Amino acid sequence: MSQKPSDRRVSIDCVRPGHREVDLEDLELSELTEAEEQALQRSAQLDQQIQATLHEAAAPADLAARLELQFEERLAASSETAPDAEAVEPAAPAQQAARSRRWWWAAAAALLLACGLAPWLRGTPDLPGNQLVQQASDWAEQWQREDSQYDWVRKLPPTHRPLAATIDMPLDSLAWRMTALLGDDKAVIYRAGATTMAVIKASHVTQLGAVPPMSPQFQTGRRKIGAWAHDGLVFVLIVDGDLARYQSVLQRPYDA
Amino acid sequence: MSESRECTNSPADDSVPESSLTTGELRARMQRLIRDHHADAYRYAFHLSGSAADADDIVQQAFLIAHQRLGQLQDEAKSRSWLLAIVRTTFLKSIRRRRPTDAGSLELDVGEIPGEIGESPVDEELLHQAMDTLSDDNRLVLLMFYFEEASYKEIAQRLDLPLGTVMSRLSRAKGKLRAALLRQNASLESGPRPTSQGGKS
């Protein structure tokens with residue numbers, strides 16, 4: 001046992017589920033102490049739980065069908081430039097013409113099918129920005145009503161839906177939580193005082209500017225809402241207060 | 001994220017020639033690949049990227065690459081690991097375009113974490129949140145361990161990293177997940193934990 005105990009503890013974490021003997025030998029961990037054996041068993045238990053949970057994530061029901069459609073489209077497109085290896089025998093001119101016609105009919109049918117199915121497969125019709133901010137007003141009301149039910153995280157802001165760099169939200173009072181919005185099940189809501197911001201990955205939202213609007217697109221007597229899209233994300237800013245307060249949250253336009 | 005590099009025989013290696021399969025063979029093999037492995041590919045992409053939308057994009061891209069490279073897959077019994085390697089490579093290429101903040105500085109000291117994690121099933125959302133707090137480097141190594149069932153040596157070889165780096169990343173990532181699960185177990189218990197009457201044992 002020449003390794004330091006801390007190094008041996010790290011090595012134990014490298015033993016794969018179902019490969020105990022091979023990995024122990026490979027890691028030169030043939031003589032385990034009782035404490036190390038317990039640590040190994042706990043690690044194996046953790047591995048088992050995590051693996052089972054990781055495999056619970058469900059793929060979209062239509063994913064296989066979409067992949068097959070994508071494959072068939074690519075196959076049809078590539079057949080024009082790369083002849084089928086099964087059909088290398090030279091064909092008569094009439095056969096070639098017939099094959100060409102068949103190919104064009106197939107390509108046209110595939111294109112029509114793809115165009116017709118695209119909105120259905122995507123399942124999310126376009127949402128104009130003005131409708132989005134109206135929806136956001138309803139969200140804000142709901143979030144306020146149900147606030148006590150939510151667990152807000154007060155550290156480790158997530159990187160997958162980052163807070164817009166142009167928004168001034170004090171970090172010391174910033175909290176966030178994940179939720180599902182507009183089909184994005186990893187959307188994030190940030191909150192600091194009277195300011196709330198939703199960051200959503202939603203490609204179907206249209207008619208939004210690329211920078212935060214100085215004039216809110218939706219307002220009531222006590223609430224101002226603005227939305228914009230940048231770098232593949234939709235940002236919805238909700239400020240409880242007057243116009244001056246809303247504008248004070250906006251720092252500067254994007255450099256891009 | 002460190003600049004990971006695939007070995008030369010990797011599935012997504014651009015130097016690999018186009019498939020020489022006939023259309024019929026190609027269609028049959030692709031249909032099997034989609035039918036048998038699309039769900040695993042999606043899960044892997046989902047946990048790598050942390051996003052359902054990104055996972056969808058990654059899987060579609062991965063299957064496009066698989067279509068182009070299917071001729072190099074000699075042994076169909078290895079199609080799962082071959083496809084998952086394509087998913088990983090596709091993910092790595094996508095994040096090089098949008099480097100996220102590295103949360104490595106926020107990681108816990110593994111040595112401070114107690115080992116008892118209980119028998120209760122792991123909450124999927126909690127595990128996902130814990131995954132999100134890992135740095136991309138650590139999450140990648142951990143998911144290669146769990147999804148590709150790769151040993152630390154195989155991970156080091158595929159990512160062109162020193163063995164010690166892979167080992168410490170793996171241990172650190174597991175430590176963070178272990179801590180998250182401990183917090184879950186603690187919250188599942190009703191009321192505060194009973195305290196020992198006799199002080200330290």
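Residues numbered from 1 in each chain as written. Chains lettered and ligands numbered in written order. Predicted model: local features only at pLDDT ≥ 70, side-chain atom pairs only at ≥ 80, totals over all residues. Heavy atoms only, no water.

Hey, could you run me through the overall build of chain A in this one?
Across its full length, chain A carries seven helices and eight strands. Residue burial in chain A is summarised as follows: out of 256 residues, 38% are buried. Summed over all atoms, the accessible surface of chain A reaches about 14,300 Å², with 54% contributed by carbon and sulfur. (Helix = DSSP H or I, 4+ residues; strand = E, 2+ residues; numbered from the N terminus. Buried < 20%, exposed > 50% of the residue type's maximum accessible area, 1.4 Å probe, protein only. Areas by Shrake-Rupley, 256 points an atom, 1.4 Å probe, with all protein chains shown as cover.)

How should I be thinking about the overall build of chain B in this particular structure?
Along chain B, the regular secondary structure elements total seven helices and zero strands. Counting from the amino terminus, helix and strand elements in chain B follow one another as α-α-α-α-α-α-α. Residues counted as buried form 55% of the 201 residues belonging to chain B. Considering only contacts in chain B between residues 6 or more positions apart, those separated by 24 or more positions represent 78%. With the model as given, the accessible surface of chain B reaches about 9,300 Å², and the carbon-plus-sulfur share is 49%. (Contact = heavy atoms within 4.5 Å.)

Quick question: what am I supposed to make of the packing of aromatic side chains here?
The geometry of an aromatic ring pair is captured by the separation of the ring centres together with the interplanar angle, meaning the angle of the planes. Residues and elements named next belong to chain B. Counted by the stated rule, this structure contains five aromatic pairs over all chains. Seen from their ring centres, Tyr-44 and Phe-147 are 5.0 Å apart, and the 25 degrees between their planes marks the pair as stacked. Here Tyr-44, found in helix α1 (residues 23-49), pairs with Phe-147, found in helix α5 (residues 136-147); they are 103 residues apart in sequence, far enough to count as distant. This pair shows no difference in class: Tyr-44 is buried, exactly as Phe-147 is. (Phe/Tyr/Trp six-rings, centres within 6.5 Å; stacked < 30°, edge-to-face > 60°.)

Explain the sheet that holds strand β8 (residues 233-240) of chain A to me, please; I cannot follow it from the model alone.
Across a sheet, paired strands are connected by hydrogen bonds in the backbone, their directions being either parallel or antiparallel. All names here are of chain A. Here six strands make up an open sheet; going across it, the order is β2-β3-β4-β8-β7-β6 and the pairing antiparallel. Sheet topology places β2 (175-181) and β6 (218-219) at the edges, where each strand pairs with a single neighbour. In this sheet, β8 lies alongside strand β4 (residues 195-200) in antiparallel orientation, the contact comprising six bridges. Residue pairing in the sheet places Ala-198 in a bridge with Val-236 of β8. Against the sheet, helix α6 (residues 129-145) touches β2, β3 (184-192), β4, β6, β7 (223-230) and β8, its axis set at about 120 degrees to β7. (Pairing = 2+ DSSP bridges. Axes fitted to C-alpha atoms, helices over the stretch in contact; angles between N-to-C directions.)

Got a minute to help me understand the interface of chain B and chain A in this structure?
When the parts come together, some accessible area is lost, and that loss is often what is quoted as the size of the interface. Taken together, the contact pairs 65 residues of chain B with 47 residues of chain A. Taken together, both faces of the contact between chain B and chain A bury some 5,200 Å²; the carbon and sulfur share is 60%. At the junction of chain B and chain A, the tally comes to seven salt bridges. For Asp47(A), the salt bridge is made with Lys174(B), and the minimal N-O distance between the two is 2.9 Å. Where chain B touches chain A, the interface holds 17 residue pairs in polar contact (both at pLDDT 80 or more). Breaking the side of chain B that touches chain A down by element, the ones donating at least two residues are α1, α2 (52-69), α4 (124-133), α5, α6 (152-159) and α7 (163-188) of chain B. For the side of chain B that touches chain A, the element with the most residues is α1(B), which contributes 14 residues. (Buried area = accessible area lost by both parts, 1.4 Å probe. Salt bridge = Lys/Arg side-chain N within 4 Å of Asp/Glu carboxyl O. Polar contact = N/O pair within 3.5 Å; in protein donor to acceptor, adjacent residues only side chain to side chain.)

Teacher, can you tell me more about the confidence of the model for chain B here?
In low-pLDDT regions, the fine details of the predicted coordinates are not to be read closely. All names here are of chain B. Summing up the model confidence of chain B, the mean pLDDT is 75 and the portion of residues at 70 or higher is 68%. No element of chain B has a lower mean pLDDT than α4, at 81, and none a higher one than α6, at 93. Contacts for the low-pLDDT stretch residues 99-118, under 50 throughout, to residues beyond four places or in other chains number 45 contacts. Per the prediction output, this complex has pTM 0.52; the corresponding ipTM is 0.72. (pLDDT = per-residue confidence, 0-100.)

Mind showing me how you'd approach the confidence of the model for chain A here?
All names here are of chain A. In this model, chain A carries a mean pLDDT of 78, and residues with pLDDT of at least 70 account for 79%. When pLDDT is averaged over each helix and strand of chain A, the minimum, 60, is found for helix α5 (residues 93-122) and the maximum, 92, for β8. Long-range and interchain partners of residues 83-92, a stretch whose pLDDT sits below 50, account for six contacts in this model, where long-range means more than four residues apart.

I keep staring at the environment of Glu141(A) and nothing clicks. Help me out?
Along the polypeptide, Glu141(A) turns up in helix α6. Residue Glu141(A) is classed as partly exposed on the basis of its relative accessible area of 29%.

Mind showing me how you'd approach the environment of Glu124(B) here?
Structurally, Glu124(B) can be placed in helix α4. By relative accessible area, which is 28% here, Glu124(B) ends up partly exposed. Glu124(B) has contacts with Thr53(A), Glu56(A) and Ala57(A), leaving out every residue within four places of it along the chain.

Explain α6(B) here, please?
Each α-helix turn comprises 3.6 residues. Residues three or four places apart therefore point the same way. For α6(B), the set of buried residues is Tyr152(B), Ile155(B), Ala156(B) and Leu159(B). Buried residues of α6(B) fall within an arc of 100 degrees about the axis and therefore sit on the same side. (Arc of directions from axis to C-beta.)

Is there a simple way to think about the pairing of β8(A) in this case?
Residue and element names in this part refer to chain A. By the criterion of burial, β8 is predominantly enclosed, with seven of the eight residues buried. Taken together, the eight bridges between β7 and β8 define a ladder with antiparallel strand orientation. When the sheet's bridge partners are listed, Gly-226 is paired in β8 with Leu-237. Turn length for the β7-β8 hairpin, with the two strands adjacent in sequence and antiparallel, is two residues, and the turn residue Asp-231 shows positive phi of about 55 degrees.

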